[in-house]
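# Remarks on the overall topology
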Amino acid sequence: MTPNPSDPNPAPAGRDAPRCVSIVVPAFNEAGALRGTLDMIARQVSALAPHYEIVVVDDGSRDATARIARDCADRLPVTLVRFSRNFGKEAAISAGLQHARGDVVVCMDADGQHSADLLGAMLAHWRDGYDMVYAVRADRDQQGLFNRVGSRLFYRMMNMGGRLDIPPNAGDFRLMDRCVVDALLALPERQRFMKGMYAWVGFRSIGLPYTPLPRAAGETTFNRLNLMRLAWTGLTSFSVLPLRMASLTGLALSTLAFAYGLYIVIEKMLLGVDVPGWPTVVVSIMFFSGVQLLFIGILGEYLARVYEEVKGRPPYVVAEVVRGDGVRQGD
């Protein structure tokens, strides 16, 4: 277990078992794995809590994900929240939290890689007084070099400023107390990066090591481009590091340009050396123009975030909500 390093105080004990546990399951084209995942979750959580519900958020799937969720709602306490189109996993998690009614909410993937066997340990930590229990990947050996290096670099950059402490290798698989859920729902931003939001709201947290299970079916639709887009969203939403790096680079280049100009003047006045300037001028103009365009692009990304926020559009649109037989009583 990995306690939050920013909270040295031990958690107070004394919580009773939760009255109701909500499991939020965002799903996108997971028809092959969803039924088995929901059955696995129901078997485990029914033995841990007196009442439970499962909120499935269909993020604009093009397969039979929504139909399977409806079928499961006939025998399980499943609530289907179907989006009008694909809005992304961050929006799906937010919608699931919005529709969850439990005093404890757990977010799990629909592909079966998040083992329901960890729910007992998570609830034990919650009863010990922790408001958030997040699962931490024990290792990334199963992932490729791109994912391992990229993940390490991303978390290092996110935590470099010291404003947030985002636990490395911690994903969306986590248990949250109702107070945490209410705090997340109160955040107004529309470009949502959930890992940063989990860290921003704070609360007493602890990590729980785990090893992801193999996918129950199919292949992930979250490719490298989506990972890079999500990482950039996180950087521009919770860090000003790109802007500071641009400022420092500009200062360094200005200093070098001033030093080079001073060198040319001294060489001409003292030594009488006439330096050919055409290639130097051309290369300098091309280089500094490229740097300026790069930094204008970084500024544009931050401006685009502001533009998206001020439009006031909702982060998702719900096409339908199908509730099963309500909150089911556990065994």
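Keep in mind that this is a model prediction, so the values were computed, not measured. Once a new chain begins, its residue numbering starts again from 1 and follows that chain's sequence as written. Owing to the predicted nature of the model, reporting of local features is limited to residues with pLDDT of at least 70; listing and counting of side-chain atom pairs is limited to 80 or more, with chain, interface and lining totals taken over all residues. Computation of side-chain values covers all heavy atoms of the structure but excludes hydrogens and water.

### Focus: the overall build of the protein
- A run of H or I in DSSP counts as a helix once it spans at least four residues, and a run of E counts as a strand once it spans at least two, with each numbered from the N terminus. Regarding its fold elements, the protein presents ten helices and ten strands.
- The 331 residues of the protein split such that 42% are buried.
- The contact definition used throughout considers only heavy atoms, calling two residues in contact when any of these lie within 4.5 Å. The long-range share in the protein, meaning contacts at least 24 apart out of those at least 6 apart in sequence, stands at 83%.
- The method behind every accessible area is Shrake-Rupley, applied with a 1.4 Å probe, and residues are considered shielded solely by the protein chains displayed. Working note: accessible area of the protein is about 17,100 Å², and carbon and sulfur atoms make up 60% of it. Burial status follows relative accessibility: with a 1.4 Å probe on protein chains alone, a residue under 20% of its type maximum counts as buried, one over 50% as exposed, and anything between as partly exposed.

### Regarding the environment of Leu 76
- Assignment of secondary structure puts Leu 76 in the loop between helix H2 (65-73) and strand E4 (78-83).
- The class of Leu 76 is buried, set by a relative accessible area of 7%.
- Note: C-alpha distance between Leu 76 and Asp 39 (37 residues apart in sequence) is 8.5 Å.

### Comments concerning the pattern of salt bridges
- A carboxyl oxygen of Asp or Glu within 4 Å of a side-chain nitrogen of Lys or Arg is what we treat as a salt bridge. Evaluated as defined, the whole model comprises nine salt bridges.
- The salt bridge partner of Asp 71 is Arg 67, with a shortest N-O separation of 3.5 Å. Remark: Arg 67 and Asp 71 occur in helix H2; sequence separation between them is four residues, near one turn of the helix.
- For Asp 71, a relative accessible area of 32% corresponds to the partly exposed category.
- Residues Arg 178 and Asp 182 are paired through a salt bridge, measuring 3.3 Å at the closest nitrogen-oxygen approach. In this pair, Arg 178 and Asp 182 are both assigned in helix H6 (residues 178-186), four residues apart and thus about one turn of the helix distant.
- According to the relative accessible area criterion, Asp 182 is partly exposed, its value standing at 40%.
- It is possible to trace a salt-bridge network through shared partners that takes in Arg 70, Arg 82 and Glu 320.

### Quick look at H2
- Regarding H2, the residues found buried are Thr 65, Ala 66, Ile 68, Ala 69, Cys 72 and Ala 73. The buried residues of H2 occupy one face: seen down the axis, they fall within an arc of 165°.
- Elements that come into contact with the buried residues of H2 comprise strand E2 (21-27), helix H1 (31-45), strand E3 (51-58) and E4. Here the arc refers to the set of directions running from the helix axis out to each C-beta atom.

### Side note on a nonpolar patch on the surface
- Patches were defined on residues exceeding 30% relative accessible area and lacking a salt bridge, with like-charge contacts within 9 Å and nonpolar side-chain contacts (Val, Leu, Ile, Met, Phe, Trp, Tyr) within 5 Å. On the surface, Phe 258, Leu 262, Val 265, Ile 266, Met 269 and Leu 270 cluster together into a nonpolar patch covering about 680 Å² of accessible area.
- Relative to the helices and strands, Leu 270 is located in helix H9 (residues 241-271).

### Regarding the nonpolar core
- Core analysis: the biggest nonpolar cluster contains 41 residues, and Ile 23, Val 25, Leu 38, Ile 54, Val 56 and Val 106 have the highest contact counts within it.
- Looking at which element gives the most residues to this core, the answer is H1, with seven residues.
- Residues within four places of Ile 23 in sequence aside, it is in contact with Ile 41, Val 45, Glu 53, Ile 54, Val 55, Val 106 and Met 108.
- Grouped together as the second largest cluster of nonpolar side chains are 17 residues, Ala 100, Met 132, Met 176 and Val 181 included. Side-chain atoms within 4.5 Å link the members of a nonpolar core, which is a set of buried Ala, Val, Leu, Ile, Met, Phe, Trp, Tyr and Cys residues.

### What about the pairing of E2?
- Judged by how many residues are buried, E2 sits mostly within the fold: seven of seven residues are covered.
- Covered by surrounding structure in E2 are Val 21, Ile 23, Val 25 and Ala 27 together with Ser 22, Val 24 and Pro 26, the residues of both alternating faces.
- Any two strands between which DSSP finds at least two bridges are classified as paired. Sheet topology note: the E2/E3 ladder contains seven bridges and is parallel. Residue pairing for E3: Ser 22 is matched across the bridge by Glu 53.
- Regarding the hand of the β-α-β motif, the stretch spanning E2, H1 and E3 is right-handed.
- Pairing geometry for E2 and strand E5 (residues 104-107), over four bridges, is parallel. Within E5, the residue paired with Val 21 across the bridge is Val 104. Consider the strands pointing away from the viewer: the crossover is right-handed when the path from the first strand over the helix to the second runs clockwise.

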